[in-house]
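Close look at the chain arrangement
Here is what each chain is made of, one letter per residue.
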Amino acid sequence: MAARGARRRPPAAPRPARRRWRWGLAALLLLFMLIWLWPSTPEPVPPPVAVPEAPPPPPVVTKPVVKKKPVPKPAPPPPTAPMSSQRALLRRAMEARAPDLRACPLPPGAPTTLGARIRVARGGATKSVALASGQRLPRELAECLRQRLLQWEFSDVGLSSDVEIFVDFALGG
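Residues numbered from 1 in each chain as written. Predicted model: local features only at pLDDT ≥ 70, side-chain atom pairs only at ≥ 80, totals over all residues. Heavy atoms only, no water.

**A look at the packing of aromatic side chains**
Selection rule: Pairing of aromatic rings covers Phe, Tyr and the six-membered ring of Trp, with a centre-to-centre limit of 6.5 Å; geometry is then stacked below 30 degrees between planes, edge-to-face above 60, and tilted otherwise. Counting from the N terminus, the helices are the DSSP runs of H or I reaching at least four residues and the strands are the DSSP runs of E reaching at least two.
In this structure the tally under the stated criterion is two aromatic pairs. Taken together, a centroid distance of 5.9 Å and an interplanar angle of 80 degrees make the contact between Trp-152 and Phe-169 edge-to-face. You can see Trp-152 sitting in the loop between helix 3 (139-151) and strand 3 (163-170) and its partner Phe-169 sitting in strand 3, a full 17 residues away along the chain. Taken together, the aromatic side chains of Trp-152, Phe-154 and Phe-169 make up a single cluster linked through ring pairs.

Right under this line is the structure:
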């Protein structure tokens, strides 16, 4: 039973205006989505720009070819002496000065022969000396030999360039 004074309501009927409004909103959303997703039309590509043609090259004018007589090159100066003959001359000059090395005192047990690599400048001055021996040379002997060899001067040989030569000397008298 119903309570006193309570009113009973009749069942409510759906409101047609509200349904239409929902369908309208859904249709509007669908329309916006279609517009948004619709493929855009491609932009027209402009036609390629025509490159103006280059002017034609000027005509080639050929001149007659005049053959010149070749100018003879001056003959090179004759070599003063080939390197091998310079070395031979230098070797003879060193052999002539070799007795000067006997002035160095020869201690007992010192080697009787000595090899030396000597570099002589173009002007004839001895630039460097490197002593080579199968045995170790005593310091006093090596210094005496090096000083004597560095004092040698070969301006009388007439070298055309610097020369390096290896010479063996006999130290024992």
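**Some words on the pairing of strand 1 (residues 113-120)**
Side chains on a regular strand alternate between the two faces of the sheet. Our working rule: Strand pairing follows a simple DSSP-based rule, namely that at least 2 bridges must link the two strands.
Sheet topology places strand 1 next to strand 3; eight bridges connect them, and they run antiparallel. From the neighbouring strand, Thr-113 faces strand 3, where its bridge partner is Ala-170. The sheet contact formed by strand 1 and strand 2 (residues 126-132) spans six bridges and is antiparallel. Paired with Arg-119 across the two strands is Ser-128, which belongs to strand 2. Connecting the antiparallel pair strand 1 and strand 2 is a turn made up of five residues, with Gly-124 showing a positive phi of about 115 degrees.

**Some words on the state of the cysteines**
For the record, the criterion: The criterion for a disulfide is a pair of cysteine sulfur atoms lying within 2.5 Å. Three labels apply to residues, based on accessible area from a 1.4 Å probe with only protein chains included: buried if under 20% of the type maximum, exposed if over 50%, partly exposed otherwise in between.
Inspection of the entire model under this criterion finds one disulfide. The disulfide partner of Cys-104 is Cys-144, and the S-S distance across this bridge is 2.0 Å. Because the torsion about its S-S bond is -85 degrees, the bridge between Cys-104 and Cys-144 counts as left-handed. Taken together, the residues Cys-104 in the loop between helix 2 (83-97) and strand 1 and Cys-144 in helix 3 connect sequence positions 40 residues apart. Judged on exposure class, the residue Cys-104 and its partner Cys-144 are both buried.

Geometric descriptors of this kind do not, in isolation, establish any biological role.
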